[in-house]
Amino acid sequence: MKKDRFKGYDDEVRRLVTHFEEGQQQGSHPYFDPDELEIIIDFYLDAIDEALRKTTLPADTRRLENAVAYAERLFPTAPGIRLRKAHLYSIQGRYDHALKILHELERLEPDNTDVQYALGTVYSALDQHRRSIQYYTQAARDGYQLGTIYGNIGDEYYRMGRPEDALRYYKKSVARNADEERSLHNLEATYDELNQNGEAIDFFNHFVRQNPYSRVGWFCLGRAQMSFADRHNGQREHYLAAIDAFRFVLTIDSRYFDAYVLIAECQQTLHDHAGAVATLRESLDCAADAANVLFSIATIYMEMQNFQTASIYLKQATERDPFFSEAWLRLAECYDYMGYSDDAEMLYQRSLGMNEENDDFWLRYADFLIHRKRYDEAITLMQRGLTNADYPHAFNLRLACCYFYTGQRNMLFNTLIDCTQNGDPINEILDFCPEMAADADVMTILDSR
């Protein structure tokens, strides 16, 4: 079902935007007054802002550009239109053009808080945090949208490396507007960074008492409980308290996917693997990436060494996403553990062909070959993978083992010497090849470290 892009807007906005777009399509030139054009432009600005929160891809600004150009032709000097053109420039990354307009408007209307807020956002984008804070503070004088403004100031202090000041403004933000979800998340994360998880628990317990239907408030309380447990030897009662908080989230919003994920994480930590699987299965209906959920379920079964069941979920994951290379790799491992060597090798090759940039795909296949004493094939594979490896040491360890088993002494010694000169932890070689401990020449090189 196609999403209604006017959801949450009144009928007037729908009427104006639709009328404008029909005029664009038909090549007609309907008249709008400045206030109406500002409404149309603001609709497109909101849409871009929402899109930018969901992706790092460049925003599609064509409709906004058309609306601004149309408004400029009708009212080239209107301050509201010029302000919105500055917003367009800012979205396009043309900050010098945006600042030129905004400072002209500032000179004309020094008390215009909309202009001051826009200047705050531009200076934030330019990493001029103190100047950004100055303009945000000025914009706050009219008392409008203080939750957003204080949250922005908190962000600037955080980027300056002043988390205590950021924390103070995030608190001010949610005190002004309990629905400031971004500030709530940032507040919990900043508490965690400051190692103040106990204080975070106290804050969010108080917050949800005051705002019992805040799904993000309950979510942050759960996060704070988890973080406290992680930092204090995994105290069971805090993981259980976290699960309770996340369950409250789902009572408010049964489609809050991240709550399912963290409940499952807590359950795994508490060794309740069956519960974790049940929770993840429950999340499938609201998962944006169901294949990844199925993959997570499979990894739980692999940890339990139930490779037969794990393979079922991995097959489902690859059916949902045939390009899920990690799922193909884990499925190869499952077949390997179950003794289906031919099927496993085919999948090792398939997954490697899909993701040659990842060291792990080369190494897993090499281990498969080494385990079957197919050393020459493993050498050829490792030499290919080594050329673009992120961490060559793991490749060299396996190459050294293969050279040892195939009697290629010069290649073995050269590889070990290279490792020692690079400062790599060469003694790990004995874990791969314990027989080397009885080789005097090898041990001489290892002992030279």
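Bear in mind the structure is a predicted one, so any value in this text is a computation, not a measurement.

(A) Seen up close, unusual backbone geometry. One non-glycine residue with positive phi stands out, namely Gln145, at about 50 degrees. Relative to the helices and strands, Gln145 is located in the loop between helix H7 (129-139) and helix H8 (146-159). Classification of Gln145 as partly exposed rests on a relative accessible area of 46%. The phi dihedral of Lys373 is positive, around 60 degrees, even though this residue is not glycine. Structurally, Lys373 can be placed in the loop between helix H20 (359-371) and helix H21 (375-386). Since its relative accessible area comes to 61%, Lys373 is described here as exposed.

(B) Seen up close, the environment of Ala278. Counting through the fold element by element, Ala278 comes out in helix H15 (residues 273-283). A relative accessible area of 44% places Ala278 in the partly exposed class. Along the sequence, Ala278 and Lys7 sit 271 residues apart, while their C-alpha atoms lie 34 Å from each other.

(C) Inspection of the environment of Asp376 at higher detail. With respect to the element layout, Asp376 can be found in helix H21. Using a relative accessible area of 54% as the deciding quantity, one classes Asp376 as exposed. C-alpha of Asp376 to C-alpha of Glu106: the two residues are 270 residues apart in sequence and 73 Å apart in space. When residues no more than four places from it in sequence are discounted, the contact partners of Asp376 are Thr406 and Gln408.

(D) Molecular detail of the nonpolar core. Core analysis: the largest hydrophobic core is formed by 64 residues, its most contacted members being Leu314, Leu381, Met382, Leu412 and Met436. The element contributing the most residues to this core is helix H16 (residues 290-303), with nine residues. In this structure, Met382 is in contact with Trp362, Leu363, Ala366, Phe395, Arg398 and Leu399, ignoring residues within four places of it in sequence. Grouped together as the second largest cluster of nonpolar side chains are 48 residues, Leu146, Tyr170, Val249 and Tyr260 included.

What counts and how
Residues numbered from 1 in each chain as written. Predicted model: local features only at pLDDT ≥ 70, side-chain atom pairs only at ≥ 80, totals over all residues. Heavy atoms only, no water. Helix = DSSP H or I, 4+ residues; strand = E, 2+ residues; numbered from the N terminus. Buried < 20%, exposed > 50% of the residue type's maximum accessible area, 1.4 Å probe, protein only. Contact = heavy atoms within 4.5 Å. Core = buried A, V, L, I, M, F, W, Y, C linked by side-chain atoms within 4.5 Å.

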